[in-house]
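Per-entry structural report
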Amino acid sequence: MKDALVRFGVAIEGSLLRELDAVVRERGGTRSELLRDLARAEVGRSKVPKAVDAIATITLVYDHHVRDLSERLTDLQHELGEQVRSTLHVHVNHDLCLEVIVIRGRSDLLQNIADRLLALRGVKQGGIEIVAGLRDLGHVHSHPSEGEPAPSQPSARGQAARRGGPAKSSKR
């Protein structure tokens with residue numbers, strides 16, 4: 001069931017409203033849509049320190065020539081087990097790799113994990129984007145409704161991951 005929309009007034013400086021309207025035009029939306037997006041993002045950010053269920057992406061750019069760094073990143077991800085949902089590893093150039101880690105867990109712990117990763121010697125740059133306070137993060141997929149076709153079978157790699165086999169590429 002959807003929440004009813006509520007109208008309310010907002011006082012804002014004219015110059016800021018003109019800039020906001022420019023963003024609205026660029027997006028092709030409305031003021032209301034933009035303000036709802038901004039409000040959701042701020043409410044989500046406020047939940048991070050409150051230890052709520054969350055999902056996050058941790059992005060790292062690192063020098064893969066730094067001794068043991070790749071192994072330390074892999075070991076930490078293995079320690080986290082099922083919390084790590086997926087990783088993407090990209091060779092940026094001869095020296096640098098980019099890694100994106102999708103991870104689930106308590107929002108405050110996700111921030112701590114990111115802080116640990118970002119502090120590793122050889123990590124040049126990175127950050128975390130936490131989506132906190134979403135409803136029902138415990139259920140990770142949908143089921144077809146009656147009469148709808150079932151989803152295609154998972155790949156052998158996906159089946160191996162569910163059996164505890166390798167879920168991530170070992171290419172480094």
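Predicted, not measured: the structure shown is a model, and the values here were computed from it. Position numbers for residues start from 1 in each chain and track the written sequence from start to end. For a predicted model such as this one, the threshold for reporting local features is a pLDDT of at least 70, and the threshold for listing and counting side-chain atom pairs is 80 or more; totals across whole chains, interfaces and linings nevertheless cover every residue. To get the side-chain values, all heavy atoms of the structure are used, and hydrogens and water are removed first.

Focus on the overall build of the protein
When helices and strands are counted, the protein shows 5 helices and 4 strands. Order of helices (α) and strands (β) in the protein, N terminus to C terminus: α-α-β-α-β-β-α-β-α. Whether two residues touch is decided by their heavy atoms; if any such pair falls within 4.5 Å, the residues are in contact. Taking as baseline every contact in the protein between residues at least 6 positions apart, the subset at least 24 positions apart corresponds to 67%. Total accessible area on the protein is roughly 12,600 Å²; 53% of this is exposed by carbon and sulfur atoms. Only DSSP runs of H or I with at least four residues qualify as helices, and only runs of E with at least two residues qualify as strands; both kinds are numbered from the N terminus onward. Per-residue and other accessible areas follow the Shrake-Rupley method at a 1.4 Å probe size, with only the shown protein chains counted as cover for residues.

Thoughts on the confidence of the model for the protein
Counting all residues, the mean pLDDT for the protein is 81, and 78% of those residues have values of 70 or more. Contacts for the low-pLDDT stretch residues 148-172, under 50 throughout, to residues beyond four places or in other chains number 23 contacts. The predictor attaches a confidence to each residue, and that confidence, scored 0 to 100, is pLDDT.

Concerning helix α1 (residues 14-27)
Here α1 spans 20 Å end to end across 14 residues, near enough to the 20 Å set by a 1.5 Å rise per residue. To sort residues, take the accessible area from a 1.4 Å probe on protein chains only and compare it with the maximum for the residue type: under 20% means buried, over 50% means exposed, and anything in between is partly exposed. Every buried residue of α1 is accounted for by Leu20, Asp21 and Val24. One side of α1 holds all its buried residues, which, seen down the axis, span an arc of 100 degrees. Exposed and facing more than 90 degrees away from the buried side of α1 are Arg18, Glu19, Arg25 and Glu26. Looking at the packing, one finds that the buried side of α1 touches α2 (31-47). Count one or two residues on from α1 and you reach Gly28, which has phi positive near 80 degrees. A helix is expected to span 1.5 Å for every residue after the first. Taken from the helix axis, the directions to the C-beta atoms give the arc we talk about.

Some points on the layout of surface pockets
There is about 1,100 Å³ of room inside the largest pocket. The set of elements that each furnish at least two residues to the lining of the largest pocket consists of α1, α2 and β4 (123-132). Broken down by element, the residue count for the lining of the largest pocket peaks at 11 residues, all from α2. Any residue that is not Ala, Val, Leu, Ile, Met, Phe, Trp, Tyr, Cys, Pro, Asp, Glu, Lys or Arg is counted as polar, Gly included; the first ten are nonpolar and the last four charged. Class assignment for the residues of the lining of the largest pocket results in 17 nonpolar, 3 polar and 10 charged. Residues are said to line a cavity or pocket when one of their atoms sits within 4 Å of a point; the points come from a 1 Å grid over protein atoms alone, cavities being sets where a 1.4 Å probe fits but cannot get out and pockets being open sets with protein on both sides within 12 Å along at least five of seven lines. Grid points are joined across faces, edges and corners, and a volume is the space filled by probe spheres set on the points.

Re the pairing of strand β1 (residues 53-63)
With 11 bridges joining them, β1 and strand β3 (residues 96-106) adopt antiparallel strand pairing. Across the sheet, Ile55 pairs through a bridge with Arg104, a residue of β3. Pairing between strands is defined by DSSP: at least two bridges between them are needed. As defined by bridge partners, β1 adjoins β4 across 9 bridges and the pair is classed as antiparallel. In the sheet register, Leu60 faces β4, and the bridge partner there is Gly126.

Brief notes about the pattern of salt bridges
Basic side-chain nitrogens of Lys or Arg form a salt bridge, by our definition, when they fall within 4 Å of a carboxyl oxygen of Asp or Glu. According to the stated counting rule, one finds 6 salt bridges in the structure shown. Between Arg45 and Glu42 there is a salt bridge, with its nearest N and O atoms 2.8 Å apart. Here Arg45 pairs with Glu42, and both are found in helix α2, just 3 residues apart, close to one helical turn. Between Arg106 and Asp108 there is a salt bridge, with the nearest N and O atoms lying 2.7 Å from each other. One connected set of salt bridges, linked through shared partners, spans Arg27, Asp37 and Arg40.

Looking at the sheet that holds β4
Spatial strand order, β2-β3-β1-β4: 4 strands in an open sheet with antiparallel pairing. Looking at the sheet topology across the chains shown, the edges are occupied by β2 (84-91) and β4. Sheet twist, expressed as the mean angle between neighbouring strand axes with direction ignored, is 10 degrees. Axis geometry follows a simple rule: fit a line to the C-alpha atoms, using only the stretch in contact for helices, then measure angles between N-to-C directions, giving values from 0 to 180 degrees.

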